[in-house]
Amino acid sequence: MSELKKARVIAYYLPQFHPIPENDEWWGKGFTEWTNVAKAKPLFKGHYQPRIPKDLGFYDLRLPEVREAQAELAKEAGIEGFCYWHYWFGNQKELLERPFNEVVKSGKPDFPFCLGWANHTWSSKTWKSLNTKKDTILIKQTYPGKDDHIEHFYKYLNAFNDKRYIKVDGRLLFVIFRPLDIPNVKLFINLWNDLAINNGLPGFFFVGVTYNTSNSRLFSKGKLDFSLAKTTESNELFNMVLNEGFDAVNSRGIIRAEILAKGKFRRLLGQFIQKKIYSAYVNKYNYSDIMKNYYTYEDTFKNVFPTILPQWDRSPRSGNASGIYHNSTPELFKNAVENALEVIKGKDYEYKILFLQSWNEWAEGNYMEPDLKYGKGYLNALKEAILY
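For clarity, every value in this text was computed on a predicted model and none was experimentally measured.

Visitor: Would you take a moment to explain the overall build of the chain for this structure?
Guide: Tallying secondary structure elements over the chain gives 14 helices and 20 strands in all. C-alpha atoms of the chain, sized along the principal axes, occupy 60 × 50 × 50 Å. By residue count, 57% of the 388 residues in the chain fall in the buried class. Put simply, the chain shows about 16700 Å² of open surface, and 51% of that area lies on carbon and sulfur atoms.

Visitor: How should I be thinking about the sheet that holds strand E17 (residues 324-326) in this particular structure?
Guide: What links the strands of a sheet is backbone hydrogen bonding, and the strands pair in either a parallel or an antiparallel sense. One open sheet accounts for three strands, arranged E13-E17-E16; its pairing is mixed. In this open sheet, the two strands that pair with only one neighbour each are strand E13 (284-286) and strand E16 (312-313). Where E13 lies against E17, three bridges are found, and the strand directions are parallel. When the bridges of E17 are listed, Lys-284 appears paired with Ile-324. Strands in contact with helix H9 (residues 254-262) are E13, E16 and E17; relative to E13, the strand with the most contacts, it is inclined by about 85 degrees.

Visitor: I would appreciate a short explanation of helix H14 (residues 377-386) in the present structure.
Guide: Since the α-helix turns once every 3.6 residues, residues separated by three or four places project in the same direction. For H14, the buried fraction is high: seven of the 10 residues fall into the buried class. Within H14 the residues assigned to the buried category are Gly-377, Tyr-378, Leu-379, Ala-381, Leu-382, Ala-385 and Ile-386. Taken together, the buried residues of H14 touch strand E1 (8-13), helix H3 (64-76), strand E15 (307-308), helix H13 (330-344) and strand E18 (353-356).

Visitor: Would you mind showing me how to read the nonpolar core here?
Guide: Formed by 117 residues in total, the largest nonpolar core has its most connected members in Phe-160, Phe-174, Ile-308, Phe-333, Trp-359 and Leu-382. Not counting the four nearest positions on each side in its chain, Ile-308 is found in contact with Val-9, Tyr-295, Phe-333, Val-337, Ala-340, Leu-354, Phe-355, Leu-356, Gln-357 and Leu-382.

Visitor: Even after reading the chapter, I still don't get the pairing of strand E9 (residues 204-211), so can you show me in this structure?
Guide: As a general feature of sheets, a regular strand has side chains that alternate between the two faces. Within E9, seven of the eight residues are buried, which leaves it mostly tucked inside the rest of the structure. Strand direction decides the pairing type here: strand E8 (residues 171-176) and E9, joined by five bridges, are parallel. Counted as the bridge partner of Ile-176 is Gly-208 from E9. Between the parallel pair E8 and E9, the chain is carried across by helix H7 (residues 185-198), and the sense of this crossover is right-handed. With five bridges connecting them, E9 and strand E12 (residues 248-252) associate as parallel partners. Counterpart to Tyr-211 in the pairing with E12 is Arg-252.

Visitor: Explain the pairing of strand E4 (residues 113-117) to me, please; I cannot follow it from the model alone.
Guide: Across the five residues of E4, five count as buried, placing the element largely inside the fold. Side chains Phe-113, Leu-115 and Trp-117 of E4 all project onto a buried face; the interleaved residues Cys-114 and Gly-116 project onto the opposite face, where all are buried too. Relative to E4, strand E2 (residues 81-88) runs parallel, the two sharing five bridges. If you follow Trp-85 over to E4, its bridge partner there is Gly-116.

Visitor: Can you walk me through the pattern of salt bridges in this structure?
Guide: Opposite charge on two side chains permits them to pair, given that their charged atoms come into close proximity. Applying the stated criterion across every chain yields a total of 21 salt bridges. The closest approach of N and O atoms between Glu-94 and Lys-155, which form a salt bridge, is 3.5 Å. You can see Glu-94 sitting in strand E3 (residues 94-95) and its partner Lys-155 sitting in helix H5 (residues 146-155), a full 61 residues away along the chain. Using a relative accessible area of 45% as the deciding quantity, one classes Lys-155 as partly exposed. The salt bridge involving Arg-171 is made with Asp-247; its shortest N-O contact spans 3.1 Å. Of this pair, Arg-171 sits in strand E8 while Asp-247 sits in the loop between helix H8 (234-242) and E12; the two residues are 76 residues apart in sequence, bridging distant segments of the chain. Here Arg-171 falls in the partly exposed class, since its relative accessible area comes to 24%. The class of Asp-247 is partly exposed, set by a relative accessible area of 23%.

Visitor: It is not clear to me how the environment of Ile-386 should be interpreted in this structure. Could you clarify?
Guide: As for its placement among the helices and strands, Ile-386 is situated in helix H14. Residue classification places Ile-386 among the buried positions, given a relative accessible area of 0%. Note: C-alpha distance between Ile-386 and Ala-77 (309 residues apart in sequence) is 8.7 Å. The residues touching Ile-386, leaving out its near neighbours within four places in the chain, are Leu-4, Lys-5, Lys-6, Val-9, Ala-77, Gly-78, Val-337 and Leu-341.

Scoring rules and cut-offs
- Residues numbered from 1 in each chain as written.
- Predicted model: local features only at pLDDT ≥ 70, side-chain atom pairs only at ≥ 80, totals over all residues.
- Heavy atoms only, no water.
- Helix = DSSP H or I, 4+ residues; strand = E, 2+ residues; numbered from the N terminus.
- Buried < 20%, exposed > 50% of the residue type's maximum accessible area, 1.4 Å probe, protein only.
- Areas by Shrake-Rupley, 256 points an atom, 1.4 Å probe, with all protein chains shown as cover.
- Pairing = 2+ DSSP bridges.
- Contact = heavy atoms within 4.5 Å.
- Axes fitted to C-alpha atoms, helices over the stretch in contact; angles between N-to-C directions.
- Core = buried A, V, L, I, M, F, W, Y, C linked by side-chain atoms within 4.5 Å.
- Right-handed = clockwise from strand over helix to strand, strands pointing away.
- Salt bridge = Lys/Arg side-chain N within 4 Å of Asp/Glu carboxyl O.

Structure (structure tokens):
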């Protein structure tokens, strides 16, 4: 494997493409992520919307044929495996668990995987474009305590025992989306490692998703509060997570890149205008400007795993409430991947990990699956960049 690829690319995988009773209740019968994707409209001249899937169509993840086809496309592009997001809200409450459960139970596709815990509250603002009411909590992320952590572990024990499960340094790779939200996260990490060893497993390699520039800080009381972002704070932010017992961080550079591409105060002014004065204002950035400012020196560290980002446009989900990165092409994405490879070139292969954001986040405009405009262009660009 290492002699064939320049990096270990692990792609985040969204399971939102099948109906569930909760989404039927909140958004209407049959709602899936495709609902927003299909109805998106361009917000400015040259804005690439709607984005329509090509080879796989508007698929349903309950179909094993779809999951097999996804794995084949990913394997062909040189992707090592999928990191499936799962949703555990506490007190044994899960959502969108069916596709991954079927992957484990069936043994198919024969393609490596790991798990990511998307530990965040769901609110109506997540799908703002569908919501005309005030922001409301749909389902709250809770942390009931030790017993719940134990139940969480055993719920996925079959997956942890699966021969397809991705490992780093011989340990099970497990990603946490909001690592500092878990009360006493050191206890959680130690508990899960003990449970793993007691069940004949090698323990976990915990990765916390961490922005290299942030609008929040963890203060002494253990609470995250607003703070003005600084573009030179990556080491501080990464250590905040590593010091809690995580083995590595998945570095994300969106905030820093936006500041450097547009300027701190111009960026804040655009956000203010959009939120307080003129809701139709579009906060947009050129993709190439974002990617040339995306990585920091700290991304070269052994225990920092950078992100590669093919595209970004959340307007199908949230109207124009988020920054839109326009003018992305497969060629520019290939350049971005090559820049990321340069960042990690000094690491041992085991740690030459790039997290791909994402495999199929269609409503956030960051996906690799073929669409009508570019076909397999992004997949081919990745393949050309990482395969020797």
